[in-house]
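Observations on chain architecture
Now for the letters of each chain:
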Amino acid sequence: MERLDKFLSSQGIGTRSQVKNILKAGRVTVDGVPEGDGGRKIDPQSQRVALDGEELTKVRRVVLMLNKPEGFVTATEDARERTVMELLPREYAHRKLRPVGRLDKATEGLLLFTDDGDLLHRLISPKNEVAKIYYARHEGTAGEADVAAFREGLVLADGTRCLPAWLEPLGPGESRVTVREGKYHQVRRMMASRGMPVTYLARQQEGGLALGDLPRGGVRLLTEEEVAALEGK
Ligand code: URA
């Protein structure tokens, strides 16, 4: 059994306050009877919940954005470490959410989750060259030669060749880095290859999606429009 309002927000139909208004407007029925009380306990397995007469049994996909704090590994489970899954609200526990790509344990910032397997594969495919923007604090200070080396495509210590990337020096020991791929420890290794080891890293943006004012550790649902924009549609 779960609260009706939690069930509704887990269906991706809106934020908690939007769900409240939807309930107040009498647009939701449980087993055919209008229900306005979000605190009502329902059993989504056996009861029929409908919005504007349309049954919510064919559950829509969910795409969540997390502002990941440092100290959590990007994995669905781990024997020793705390995982990013622990940061998701409990109302999504019945969904098979998986992280879209990964951030290192020490990296903060924008991390998406979805239960739509096709979308997940499209988003993490190397063909999907969505720009990812990182804020980095690092040793040393980036200069023109570093900017040019990033633009030409760096070769990392182990010979890995990177796609052209954009390095924007922000001041002493601070830069913004934009990459279009997601190799292991990519930004850290790129900066290290230029003698500027990273001391703090946060992803601020992915495609047209930005963290905005989502607080550290905060989670929000993406709208279908945001998901379509992410896929370049
Ligand atoms: N690049 C990194 O080095 N680490 C991340 O977590 C993401 C990009």
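Here the structure is shown first, and the text comes after it.
Attention now moves to the site of the ligand. By nearness alone, every residue bordering the ligand is listed as Leu103, Asp104, Thr107, Tyr134, His185, Gln186, Val187, Arg188 and Leu201. Between the ligand and Asp104, the relevant distance is 2.7 Å, taken from a nitrogen atom to a side-chain nitrogen or oxygen of the residue. Contact distances for the ligand include 3.2 Å between an oxygen atom and a backbone N or O atom of His185. Contact with the protein chains hides 94% of the accessible area of the ligand, taken as 240 Å² for the molecule alone. Ranked by residue count, the leading element in the shell around the ligand is helix H5 (residues 186-193), at three residues. Residues that form the shell around the ligand fall into these classes: four nonpolar, three polar and two charged.

Time to look at the pattern of salt bridges. In total, this model carries 14 salt bridges according to the counting rule given. When the shortest N-O distance is used, the salt bridge between Arg188 and Asp104 registers 2.9 Å. In this pair, Arg188 sits in helix H5 while Asp104 sits in the loop between strand E8 (98-100) and strand E9 (108-114), placing the two residues 84 residues apart along the sequence. In terms of burial, Arg188 and Asp104 fall into one category: buried. The structure contains a network of salt bridges with shared partners spanning Arg102, Asp104 and Arg188.

One non-glycine residue, Asp31, lies in the positive phi region at around 50°. If you trace the backbone, Asp31 turns up in the loop between strand E2 (28-30) and strand E3 (33-34). The class for Asp31 is partly exposed, based on a relative accessible area of 34%. The residue Asp52 is not glycine, and still its phi comes out positive at about 50°. Of note, Asp52 is situated in the loop between strand E5 (49-51) and strand E6 (54-55).

Tracing the sequence through the fold places Asp146 in helix H4 (residues 144-152). Within the structure, Asp146 has its side chain in polar contact with the backbone nitrogen of Gly143 (distance 2.9 Å). Separated by 2.8 Å, the side chains of Asp146 and Arg194 make a polar contact. Setting aside its immediate chain neighbours within four residues, Asp146 contacts Thr141, Leu167, Arg194 and Met196.

Looking now at the pairing of E9. Counting buried positions along E9 yields seven of seven residues, so the element is predominantly enclosed. Strand direction decides the pairing type here: E8 and E9, joined by three bridges, are antiparallel. The partner of Arg98 across the bridge, within E9, is Thr114. Where E9 and strand E13 (residues 198-206) come together, two bridges link them in parallel fashion. Each bridged residue has a counterpart across the sheet, and for Glu108 the counterpart in E13 is Ala202.

Time to look at the sheet that holds E3. Paired through backbone hydrogen bonds, the strands of a sheet run either parallel or antiparallel to each other. The sheet built from four strands is open, its strands ordered E3-E2-E5-E6 with antiparallel pairing. Each having just a single partner strand, E3 and E6 make up the two edges of the open sheet. Strand direction decides the pairing type here: E2 and E5, joined by three bridges, are antiparallel. What sits directly across from Val28, in E5, is Leu51.

Applying the stated criterion across every chain, the model contains one aromatic pair. Between Arg137 and the ring centre of Tyr200, over which it is positioned, the NZ or CZ distance is 4.4 Å.

Conventions and cut-offs
- Residues numbered from 1 in each chain as written.
- Predicted model: local features only at pLDDT ≥ 70, side-chain atom pairs only at ≥ 80, totals over all residues.
- Heavy atoms only, no water.
- Near = heavy atom within 4 Å.
- Polar contact = N/O pair within 3.5 Å; in protein donor to acceptor, adjacent residues only side chain to side chain.
- Areas by Shrake-Rupley, 256 points an atom, 1.4 Å probe, with all protein chains shown as cover.
- Helix = DSSP H or I, 4+ residues; strand = E, 2+ residues; numbered from the N terminus.
- Nonpolar A, V, L, I, M, F, W, Y, C, P; charged D, E, K, R; others polar.
- Salt bridge = Lys/Arg side-chain N within 4 Å of Asp/Glu carboxyl O.
- Buried < 20%, exposed > 50% of the residue type's maximum accessible area, 1.4 Å probe, protein only.
- Contact = heavy atoms within 4.5 Å.
- Pairing = 2+ DSSP bridges.
- Phe/Tyr/Trp six-rings, centres within 6.5 Å; stacked < 30°, edge-to-face > 60°.
- Lys NZ or Arg CZ within 6 Å of the ring centre and 35° of its normal.

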